[in-house]
Amino acid sequence: VQQTKRPRTPAHTALLSSQSRSSSTRGRGGIRPMDQELIASLVGASIGLFVCCTACIVCRIWRRNRYYKKVQKSLDEEEAAFQETLARNFRDEGQLDAEDQAKLNMLESYVATAGGEAGAATDAPLPASAEDVDKFMSALAAAAAGDSGLPPAKEGDDNV
């Protein structure tokens, strides 16, 4: 009796080849070499992405710091130039000119006439500390509100 070989179908061939490959090429851990290559590629790509992102962040911080140093340097130069100009103008213009002197005299005369009208309120010395300023401001606010600190006048009194 002669045995005839049955023709193999492509599905049958693929099944046999995958079974023989999986059993013969599995390592001790049970991971196929194809899977190991895929895992190694993914790990490498992840590390590369991490390094790229880290480099971008470091470069961004470096550029920002360099920019702020330039800005700070230009601000310092501008401040130095302003101080130099201010000192030079102060030395050059130690005396007031006629126009500024006239304005100052007008202001002093106004303060003198307003001081005469205000009476004792302007005779008091100006406050020197923060607490004195607070007391002065509260007294000023009370005076502006009409509260002079005196007892209220009776309704029939005309001596208000």
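Overview of the overall build of the protein
And step 1. Broken down by element type, the protein carries 5 helices and 0 strands.
And step 2. Listing every helix and strand of the protein by position from the N terminus yields α-α-α-α-α.
And step 3. By the burial criterion, 1% of the 160 residues in the protein qualify as buried.
And step 4. Here the protein has roughly 15,000 Å² of accessible surface; of this, 60% comes from carbon and sulfur atoms.

Brief notes about the pattern of salt bridges
And step 1. This structure, assessed with the given rule, holds 2 salt bridges.
And step 2. Linking Arg-32 and Asp-35 is a salt bridge whose minimum nitrogen-to-oxygen distance equals 3.9 Å.
And step 3. Given the relative accessible area of 40%, Arg-32 is considered partly exposed.
And step 4. Glu-99 is the salt-bridge partner of Lys-103, the closest N and O atoms lying 3.5 Å from each other. With a gap of 4 residues between them, Lys-103 and Glu-99 both fall in helix H3 (residues 98-118), about one helical turn apart.
And step 5. By relative accessible area, Glu-99 is classed as exposed at 53%.

Concerning a negative patch on the surface
And step 1. Residues Asp-76, Glu-77, Glu-78 and Glu-79 make up a contiguous surface patch of negative charge.
And step 2. Within the fold, Glu-78 resides in helix H2 (residues 33-92).

Procedures and definitions
- Residues numbered from 1 in each chain as written.
- Predicted model: local features only at pLDDT ≥ 70, side-chain atom pairs only at ≥ 80, totals over all residues.
- Heavy atoms only, no water.
- Helix = DSSP H or I, 4+ residues; strand = E, 2+ residues; numbered from the N terminus.
- Buried < 20%, exposed > 50% of the residue type's maximum accessible area, 1.4 Å probe, protein only.
- Areas by Shrake-Rupley, 256 points an atom, 1.4 Å probe, with all protein chains shown as cover.
- Salt bridge = Lys/Arg side-chain N within 4 Å of Asp/Glu carboxyl O.
- Patch = residues over 30% accessible without salt bridge, like charges linked within 9 Å, V, L, I, M, F, W, Y side chains within 5 Å.
- Lys, Arg positive; Asp, Glu negative; His and termini not counted.
- Charge placed at Lys NZ, Arg CZ, Asp CG, Glu CD.

It is worth stressing that arrangement in space is one thing and function is another; only the former is reported here.
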